[in-house]
Amino acid sequence: MNAYVVSRELLEHNIAQLKKQAKGVPIWAVIKGDGYGLGALPLAELLAENGIDRFCVTEVREAEVLRENGFRDADILMLRSVSDRETLNRLLDLDVILTVGSWETALAVDTLAKERADIAAVHLKIDTGMGRYGFRPEEIERVIALYREMKHLAVSGIYTHFNCAFGDEKLTRQEFAAFQGVVAQLRAAGLETGIVHCCNSSAFLKYPEMHCDGVRLGSAILGRMPFRTKLRPVGYMESAVEELHVVPKGHSTGYGAIWTARRETRLAIVPVGWYHGFHVGCQPYMTRTIDCLRAAFSALKGIVRKQQTYVEVGGKRCRVVGVVGMLHCAVDVTDVPCSVGDRVILQVNPLHQKGVQVVYRK
Ligand SMILES: *Cc1c(COP(=O)(O)O)cnc(C)c1O
């Protein structure tokens, strides 16, 4: 049976590595997207066993799952602004820290908290370039007014989210400076900002001077970074050989018949396809001309070098042949002794994996 296998040992290796680099600065583990595909709850449990008990979520369900499973006192931060009353009510019931990134959101939270005779803990979101949630630095007067007028909000933190920390150092430094400027102005006005945080995984690894009072890490925990690190990818897809077939020279496999056997070939059929997340990449960020050129260049390199996809069958590296189907792929095992039922290991981005069980192993 197919499973996405997560190594506890490798996760613990990454957590230890990240804690060392954080030098005592609290790590807020981001468990959005159902724990980046690893399961919000089992991931949170493993993190808690390793001393990380602050979490960031983007869905009510993720917060519920934690609260229902023993995380009674853990700090949980909702990473997106919410102004829908029903959702807000639920989040306040769950004692989740809310994000406030606009006057309208602040008003919605303040109004509801007042009706509940409650004080809502919030983190202010500052937009330093991402252009999604948050007050822009020029809107500082509104932020100051918010402190004065909204009596049912308690600001316990302030943060921003960098849009180019994985690549553009100059821009990231400018964004950091803009963020620090906002924090300084609030403090100069005699206002409490609570904890200050801005780093995602890329910024955390590249710019230790930006760690501030906390860091928000997701991808780094999974060991999936777009640049070289000491972190290790923690999971893989596990399947088994379903059928074995010897096809004659000239026979093809898969849709489009893009591959034909150059010799008599033994094919192992494996029940994993793009539906399960195999052989699907994230789209590259093709926003600027230079990015399009880079993508084209890397595609060209792939063609010239005949980039192949490999999987492991019974511990041996084997080539995937033909187009990867929705639910199946074919592997050339002509030179690899193997039988039906033998273990197959496939590299899959956990964010895209679906339709299989997630299993944590030693
Ligand atoms: C997803 C997210 C993070 C974590 O990003 P990684 O790069 O996966 O570490 C941090 N902050 C915010 C606001 C996010 O949405």
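Heads up: the structure comes first, above all this text.
These notes cover the structure that comes with them. (Residues numbered from 1 in each chain as written. Predicted model: local features only at pLDDT ≥ 70, side-chain atom pairs only at ≥ 80, totals over all residues. Heavy atoms only, no water.)

1. Section: the sheet that holds strand β17 (residues 357-361)
Put simply, the test is: Two strands qualify as a pair provided DSSP detects at least 2 bridges between them. Secondary structure elements are taken from DSSP: a helix is a run of H or I of four residues or more, a strand is a run of E of two residues or more, and numbering for both begins at the N terminus. A fitted line through C-alpha atoms serves as each axis, taken over the contacting stretch for helices, and the angle formed by two N-to-C directions is quoted from 0 to 180°.
As summarised here, the arrangement of the 9 strands in space is β11-β12-β15-β14-β13-β16-β10-β1-β17, forming an open sheet in which the pairing is mixed. Looking at strand neighbours, the two that pair on one side only are β11 (243-247) and β17, the edges of this open sheet. Averaged over all pairs of adjacent strands, the angle between strand axes in this sheet comes to 35°, irrespective of strand direction. Taken together, the 3 bridges between strand β14 (residues 316-321) and strand β15 (residues 329-332) define a ladder with antiparallel strand orientation. Within the sheet, the bridge partner assigned to Val 320 lies in β15 and is Val 331.

2. Quick look at the packing of helix α5 (residues 85-93) against helix α6 (residues 103-115)
To keep it simple, the criterion reads: Note on angle classes: values under 35 degrees are labelled roughly parallel, values over 145 roughly antiparallel, values of 65 to 115 roughly perpendicular, and the remainder oblique. Note: crossing handedness is left-handed where the near helix turns anticlockwise from the far helix by less than a right angle, and right-handed where it turns clockwise. It only takes one pair of heavy atoms within 4.5 Å for two residues to be counted as in contact. Lys, Arg, Asp and Glu make up the charged group, whereas Ala, Val, Leu, Ile, Met, Phe, Trp, Tyr, Cys and Pro make up the nonpolar group; the residues left over, Gly among them, are polar.
Between α5 and α6, whose axes approach to 10 Å, the crossing angle comes to 60°. What the angle tells us is that α5 and α6 run oblique. Here α5 and α6 pass one another in a crossing that is right-handed. On the side of α5, the interface is formed by Arg 85, Leu 88, Asn 89 and Leu 92, while α6 contributes Ala 108, Val 109, Leu 112 and Glu 115. Looking at the contact of α5 with α6 residue by residue, the class counts come to 5 nonpolar, 1 polar and 2 charged.

3. Describing the packing of aromatic side chains
Note the threshold: Only centres within 6.5 Å qualify two rings of Phe, Tyr or Trp (six-membered ring in Trp) as a pair; their planes then separate them into stacked at under 30 degrees, edge-to-face at over 60, and tilted for everything else. Look at NZ for Lys and CZ for Arg. If either is within 6 Å of the ring centre and within 35 degrees of the ring normal, a charge sits over the ring.
In this structure the tally under the stated criterion is 1 aromatic pair. For the cation-ring pair, Arg 317 lies above Tyr 310, with the distance from its terminal atom to the ring centre recorded as 3.7 Å. Lys 354 extends its terminal NZ or CZ atom over the ring of Tyr 275, reaching a point 4.3 Å from the ring centre.

4. A few points about the pairing of strand β5 (residues 97-100)
Short version of the rule: In this scheme, a residue with accessible area under 20% of its type's maximum is buried, one over 50% is exposed, and one in between is partly exposed, where area comes from a 1.4 Å probe on protein chains only. Whether a crossover is right-handed depends on one test, that the path from the first strand over the helix to the second runs clockwise when the strands point away from the viewer.
Burial along β5 is two-sided: Ile 97 and Thr 99 and Leu 98 and Val 100, pointing in opposite directions, are all buried. Here strand β4 (residues 75-81) pairs with β5 via 2 bridges, running parallel. By the bridge assignment, Ser 81 is partnered in β5 with Thr 99. With α5 bridging β4 and the parallel β5, this β-α-β connection has right-handed handedness. Summarising the sheet, β5 and strand β6 (residues 120-126) pair through 3 bridges and their orientation is parallel. When the bridges of β6 are listed, Thr 99 appears paired with His 123. Since β5 and β6 lie parallel, the crossover through α6 that links them has a hand, and here it is right-handed.

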